[in-house]
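Chain by chain, the residues:
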Amino acid sequence: MAQIESTVAFVSHAYAQMTQRLTVVRARLGKPLTLAEKIVYSHVDDPGGQALERGKSYLMLRPDRVAMQDATAQMALLQFMSSGLSEAAVPSTVHCDHLIQAEVGREADLLKAQTDNKEVYDFLESVCQKYQLGFWRPGSGIIHQVVLENYAFPGGLMIGTDSHTPNAGGLGMVAIGVGGADAVDVMAGMPWELKAPKVIGVKLTGQLKGWTSPKDVILKLAGILTVKGGTGAIVEYFGPGVASISCTGMGTICNMGAEIGATTSLFPFNHRMGDYLKATGRADLAALAEQHQTLLSADEGCTYDQVIDIDLDTLEPHINGPFTPDLAWPLSKFAQAVREKGYPEELKVGLIGSCTNSSYEDMARSAHVAQQALDHGLQTKAEFTVTPGSEQIRATIARDGQLATFEKVGGVVLANACGPCIGQWKRHKVTKGEKNSIITSFNRNFAARNDGNAETHAFVASPEIVTALSIAGRLTFNPETDALTGADGQSFKLKSPYGDELPQNGFDAGQVTYQAPSASGTSTPVKVSPTSERLQLLHPFPKWSGKDFDRLPVLLKAKGKCTTDHISMAGPWLKFRGHLDNISNNLFIGAINFFNGKANAVKDQLSGEYLEVPAAARHYKQEGLGWVVFGDENYGEGSSREHAAMEPRHLGGLAIIVKSFARIHETNLKKQGLLPLTFVHASDYDKVQEDDRVSISDLTTLAPGVPLTLTLHHADGSLDTFPVAHTYNLGQIEWFKAGSALNLMGQKA
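Residues numbered from 1 in each chain as written. Predicted model: local features only at pLDDT ≥ 70, side-chain atom pairs only at ≥ 80, totals over all residues. Heavy atoms only, no water.

Undergrad: Talk me through the overall build of the protein chain; I want residue IDs and the actual numbers.
TA: Looking only at helices and strands, the protein chain has 23 helices and 30 strands in total. Since a compact globule built from 749 residues should have a radius of gyration of about 27 Å, the 25 Å found for the protein chain is in line with a globular shape. C-alpha atoms of the protein chain, sized along the principal axes, occupy 75 × 60 × 55 Å. For the protein chain, the residues scored as buried account for 63% of the 749 residues in total. Taking the intrachain contacts of the protein chain between residues at least 6 apart in sequence as the baseline, contacts between residues at least 24 apart amount to 75%. With the model as given, the accessible surface of the protein chain reaches about 25,500 Å², and the carbon-plus-sulfur share is 50%. (Helix = DSSP H or I, 4+ residues; strand = E, 2+ residues; numbered from the N terminus. Rg over C-alpha atoms; globule rule 2.2 N^0.38 Å. Buried < 20%, exposed > 50% of the residue type's maximum accessible area, 1.4 Å probe, protein only. Contact = heavy atoms within 4.5 Å. Areas by Shrake-Rupley, 256 points an atom, 1.4 Å probe, with all protein chains shown as cover.)

Undergrad: Go over the packing of aromatic side chains with me, naming the residues and quoting the values.
TA: In total, this model carries 21 aromatic pairs according to the counting rule given. Relative to F507, the ring of Y360 has its centre 6.4 Å away and its plane inclined at 85°; by these criteria the two rings are edge-to-face. On the criterion of sequence distance, the pair formed by Y360 in helix 13 (residues 360-375) and F507 in the loop between strand 20 (491-492) and strand 21 (514-515) is long-range, its members being 147 residues apart. Here the aromatic rings of F549 and F736 are separated by 6.4 Å at their centres, their planes lie at 70°, and the arrangement is edge-to-face. Highlighted residues: F549 in strand 22 (residues 549-557) and F736 in helix 22 (residues 730-738), separated in sequence by 187 residues. Through pairs of rings, three or more aromatic residues link up here, namely F594, F595, F630, F679, Y685 and F722. Lying over the aromatic face of F594, K557 brings its terminal NZ or CZ to 3.9 Å of the ring centre. Taking the ring centre of Y685 as reference, the NZ or CZ of K557 above it sits at 4.4 Å. (Phe/Tyr/Trp six-rings, centres within 6.5 Å; stacked < 30°, edge-to-face > 60°. Lys NZ or Arg CZ within 6 Å of the ring centre and 35° of its normal.)

Undergrad: Please set out the pairing of strand 25 (residues 627-631) residue by residue, giving values where relevant.
TA: Across the 5 residues of strand 25, 5 count as buried, placing the element largely inside the fold. Residues W627, V629 and G631 point to one face of strand 25 and V628 and F630 to the other, with burial holding for every one of them. Sheet topology note: the strand 22/strand 25 ladder contains 3 bridges and is parallel. Looking at strand 25, one finds that L556 is bridged to V629. Direction of pairing for strand 25 relative to strand 26 (residues 653-658): parallel, over a ladder of 5 bridges. Looking across to strand 26, one finds that V628 is bridged to A655. (Pairing = 2+ DSSP bridges.)

Undergrad: Which residues make up the environment of F507, and what are the values?
TA: Accessibility expressed as a relative area gives 18% for F507, which makes it buried. Counting along the chain gives 108 residues from F507 to R399, while the straight-line C-alpha distance between them is 9.5 Å. Setting aside its immediate chain neighbours within four residues, F507 contacts A279, T280, Y360, Q392, I393, T396, R399 and L502.

Undergrad: Describe unusual backbone geometry, listing the residues and the values that go with them.
TA: Of note, the amide linkage connecting G321 to P322 takes the cis form, showing an omega dihedral of 5°. Mapped onto the elements, P322 comes out in the loop between strand 12 (318-320) and strand 13 (328-330). Despite not being glycine, Q132 has its phi angle at roughly 65°, a positive value. Tracing the backbone through its elements, the reader meets Q132 in the loop between helix 5 (118-131) and strand 4 (134-136). Phi at N600 takes a positive value of approximately 60°, unusual for a residue other than glycine. Here N600 shows up in the loop between helix 18 (580-583) and strand 23 (602-603). Take N600: its relative accessible area is 19%, and that puts it in the buried class.

In structure tokens:
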């Protein structure tokens, strides 16, 4: 049977290999190293020959683990099945958390999901048995919380098919969100490629106090760095303030580092991590990490590419939004901003939990706020939902009373799943198109992200602040300064929240939701019905023709923010994540067309009609025409979903040309054989016209660091020609020529 757990023997072996590799690296570099460098460089495949230059070298790495959530796992495992291998080469797990829609409450929603998604769950379970992967059934919890509780270990390197995989940085792990094709590489025993990250140091001084929480550290940092300020970098926290933050609080900060575009985020190993390991039944790992303290902290005198100072003594609670996670408002200025900006002041719903903020400490502090309202005869004025991050958290807060407090104050407890955070939320009291405000303790708040309504103004804060504002029922309430009126007519102020970091009576594991692979599982049949609407076996994408691209139509010129949610929406589309052709019917339906300001309405150059984007793409494909898309800054930010790369490839896309890419999405495009290009001069974006045909030349001499040439053939016969850049290395160029990274793997096999 395959090894799945991060046992002492497993981690000891990892530390021995890391120490050995790091000795070679130190001799070569001859300088003090950051913690990020120690962990990353001690996982390189060839420490003696690997080029090691931050921001430039492409590293070939050997991750320790792979984690996949059920929505992205479908496509990843369909690809892995195509590899012809019999077993995953590294410990790998699948977590059923994305397909459960929040509507009524925990039990009813979970039961409905198990019925509606039976075909997918059965498929995932059978693949896990056959290929020896760990399987966490629906109801077990959100992937990142479950990984933190069971598998993460200080100093490890893990990749996960979800953009919030960096949550494990709260346990000192370099955990990086990737597309499914990257996961396939690692499960197939191949080294994984990553451009050597720069390292941004965040020095924390002082101590958190009052209403300020770990969430406010990352909300503040998002306002400083913006949604792309961390791109290509690992954010490493250090300084005396680190000791004042719990292990799960560090996880919160690392989790939302995805919203600043960071490759990942991490903290050095300390006693807070040791306490968490002990509380989750891993005291032996805590002792092992303590013995390797030098390996798990930065060298004295190491240098960062950028240093940001945050004083926890003066840090205010923050509320970020709407529509972007980097619009940061200190609590003291938020009410004024609400009024000046015309945001809907009435709070319709407050939502706490999610993978970002559902620890025992989060729930305890929020319940402390809720209990104060109950003590004065109040319930929440806004709707209020609670999403436990795992079955272990749910069972423990049920035993210790916090869950009952939430229900008494008016809360609805949802399933241990992603739910509203990823758009799996069926709202009943607000109609689509209705302007309204919600506040969450989630991580992401793009337009229509949570409920499919672009008029929902979503704000992000700590769960304590969310709870307080839900009691008040308005965005302009400041619990630090404002009073509430109790049922007796007397005014009172909420006291600063308090909650135990870890349960005094230990964690309650709750219901058994994990299925380990069995030795006999390798004979398990994996069936995919040819008539299924949910699952579809994959076929290789076509190889590059060997010629330049000539006079391709423009499918879309996207205006402004174009996230992976805009490219491939989640919500109701999640059910098609295992069926490439069906899910491709959501291609770019959320993106705004530059030429008419509308979503899902583009001009079909063959017919002259305005069609939905997937229909136009399918028409071009039917006629044997490839097509291109143009985009703005930080194109593809957000979720790691590779469907946002596979769908355009499936429907005939050949190139995506933008001002800049988000890291994960650019890699996903390369893996699927699409050509991701950037304008050398951002102003060239303005030259693209609706009826243009696009030629891309110099492909036959495609080489690292050498720009290509793009020509716009305008409808009036005039031309615009300009250079476009790419970030391909030699190995990635072979992906392009083969038609995809998976094609190349198959050729080599």
